[in-house]
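# Observations on the three-dimensional arrangement
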Amino acid sequence: DAKTTQPPSMDCAEGRAANLPCNHSTISGNEYVYWYRQIHSQGPQYIIHGLKNNETNEMASLIITEDRKSSTLILPHATLRDTAVYYCIVRVASGGGADGLTFGKGTHLIIQP
Amino acid sequence: NAGVTQTPKFRVLKTGQSMTLLCAQDMNHEYMYWYRQDPGMGLRLIHYSVGEGTTAKGEVPDGYNVSRLKKQNFLLGLESAAPSQTSVYFCASSRGTPIGQYFGPGTRLTVT
């Protein structure tokens, strides 16, 4: 799996958009970009994933650059409940089920009131 | 939907004791996973299942056994607990790749 690089921490004001960057310069053509988050003492939470195109769901938007070497997760209107560690993961969709997740250190996003 | 639930939430065991952790999902997902999370180590996959009646080893399977007798349940067993198995255990389920995995709230296990 391609290595990802994320800033260790970020602050964002409540109500503003939170933009979390991720670099994955060695990504290969069949690797997806996934975003998860983990709020303190809770289970990880799936947010969104994408291959080439930008994606949006009820939680967030995922913007992938044309060369696929980086991506940005956007939380459009951050709330205090969005304070968490956010993980960017790049993985092949193996289809065999052995797609266990490996979380790096992630970005600790702190939403300021 | 309750999503993914785990039982129990907390447990303290003595070395050598056995226990079973239960994971249940009501999303009709085919794939289920057991992870452990230790401070500074991130998530590590213990075992997984791609369907009812199937199981397979993940990254750190030693000391654990699993069973998937029903599609909605995935059991993780510790036959003889050791202090090194003190951890937070998370269960997850998925419809399959490339769809994301949905996690339970975790079981905090301490082995003394």
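What this report covers is the structure whose coordinates are included nearby. (Residues numbered from 1 in each chain as written. Chains lettered and ligands numbered in written order. Predicted model: local features only at pLDDT ≥ 70, side-chain atom pairs only at ≥ 80, totals over all residues. Heavy atoms only, no water.)

## Points about the layout of surface pockets
Rule in force here: With a 1 Å grid laid over protein atoms only, a set of points is called a cavity when a 1.4 Å probe fits there but cannot get out and a pocket when it is open yet has protein on both sides within 12 Å along at least five of seven lines; lining residues have an atom within 4 Å of a point. Grid points are joined across faces, edges and corners, and a volume is the space filled by probe spheres set on the points. The helix count covers DSSP runs of H or I at least four residues long, the strand count covers runs of E at least two residues long, and both are numbered beginning at the N terminus. Three categories are distinguished: nonpolar for Ala, Val, Leu, Ile, Met, Phe, Trp, Tyr, Cys and Pro, charged for Asp, Glu, Lys and Arg, and polar for the others, with Gly belonging to the last.
Quantified by volume, the largest pocket comes out at close to 540 Å³. Of all the secondary structure elements, the ones that give two or more residues to the lining of the largest pocket are β8 (84–92) of chain A together with β4 (31–38), β5 (42–49) and β9 (87–94) of chain B. Residue composition of the lining of the largest pocket, by class: 10 nonpolar, 11 polar and 5 charged.

## A look at the pairing of strand β3 (residues 31–38) of chain A
Residue and element names in this part refer to chain A. The condition that has to hold: A simple rule labels every residue: compare its accessible area, found with a 1.4 Å probe on the protein chains alone, to the largest value its type can have, and call it buried under 20%, exposed over 50%, or partly exposed in between. Pairing between strands is defined by DSSP: at least two bridges between them are needed.
Of all the 8 residues making up β3, 8 are buried; the element is thus mostly covered by neighbouring parts of the structure. What you see with β3 is no split at all: E31, V33, W35 and R37 on one side and Y32, Y34, Y36 and Q38 on the other are buried throughout. Across 8 bridges, the pairing between β3 and β8 is antiparallel. Note that in β8 the partner of W35 across the bridge is C88.

## Here we look at the sheet that holds strand β4 (residues 45–50) of chain A
Residues and elements named next belong to chain A. Applied cut-off: Geometry is summarised by axes, namely lines fitted to C-alpha atoms with helices restricted to the contacting stretch, and by angles between N-to-C directions that run from 0 to 180 degrees.
The sheet built from 5 strands is open, its strands ordered β1-β9-β8-β3-β4 with mixed pairing. A strand with exactly one partner marks an edge of an open sheet, and here the two such strands are β1 (9–13) and β4. Geometrically, the sheet is characterised by an average inter-axis angle of 25 degrees between neighbouring strands, direction not taken into account.

## Some details on the state of the cysteines
Quick note on the threshold: When the sulfur atoms of two cysteines come within 2.5 Å, that pair is taken as a disulfide.
The tally for this structure, following the rule as stated, stands at 2 disulfides over all chains. Each sulfur of the disulfide joining A:C22 and A:C88 lies 2.1 Å from the other. Handedness here is read from the sign of the S-S torsion; for A:C22 and A:C88, about -80 degrees, the answer is left-handed. Of the two residues, A:C22 sits in strand β2 (residues 18–23) while A:C88 sits in strand β8, which places them 66 residues apart along the sequence. Taking the relative accessible area as the measure of exposure, A:C22 reaches 1% and is therefore buried. Here B:C23 is linked by a disulfide to B:C91, with a sulfur-sulfur distance of 1.8 Å. Torsion about the S-S bond of the B:C23 and B:C91 cystine: about -75 degrees, corresponding to left-handed handedness.

## Focus on the pattern of salt bridges
The criterion, for reference: Any carboxyl oxygen of Asp or Glu within 4 Å of a side-chain nitrogen of Lys or Arg constitutes a salt bridge here.
For the structure shown, the criterion picks out 4 salt bridges over all chains. As a salt-bridge pair, B:R36 and B:D38 come within 3.0 Å of each other at their nearest N and O atoms.

## Side note on the interface of chain B and chain A
How we decide: Residue contacts follow a heavy-atom distance rule, with two residues in contact if any of their heavy atoms lie within 4.5 Å. Buried area is understood as the total, over both parts, of accessible area removed when two parts are fitted together, assessed with a 1.4 Å probe. By the criterion applied in these results, polar contacts are pairs of N or O atoms within 3.5 Å in which, for protein atoms, one can donate a hydrogen and the other can accept it, and in which residues neighboring in sequence qualify only through two side-chain atoms.
Contacts between chain B and chain A engage 20 residues on the former and 21 residues on the latter. With both chains or domains summed, chain B and chain A bury close to 1600 Å², and 54% of this area falls on carbon and sulfur atoms. Linking chain B with chain A are 4 residue pairs in polar contact (both at pLDDT 80 or more). Mapped by element, the contributors of at least two residues to the side of chain B that touches chain A are β4, β5 and β10 (102–103) of chain B. Partitioning the side of chain B that touches chain A into residue classes produces 13 nonpolar, 6 polar and 1 charged.

Honestly, it's all geometry; don't read function into it.
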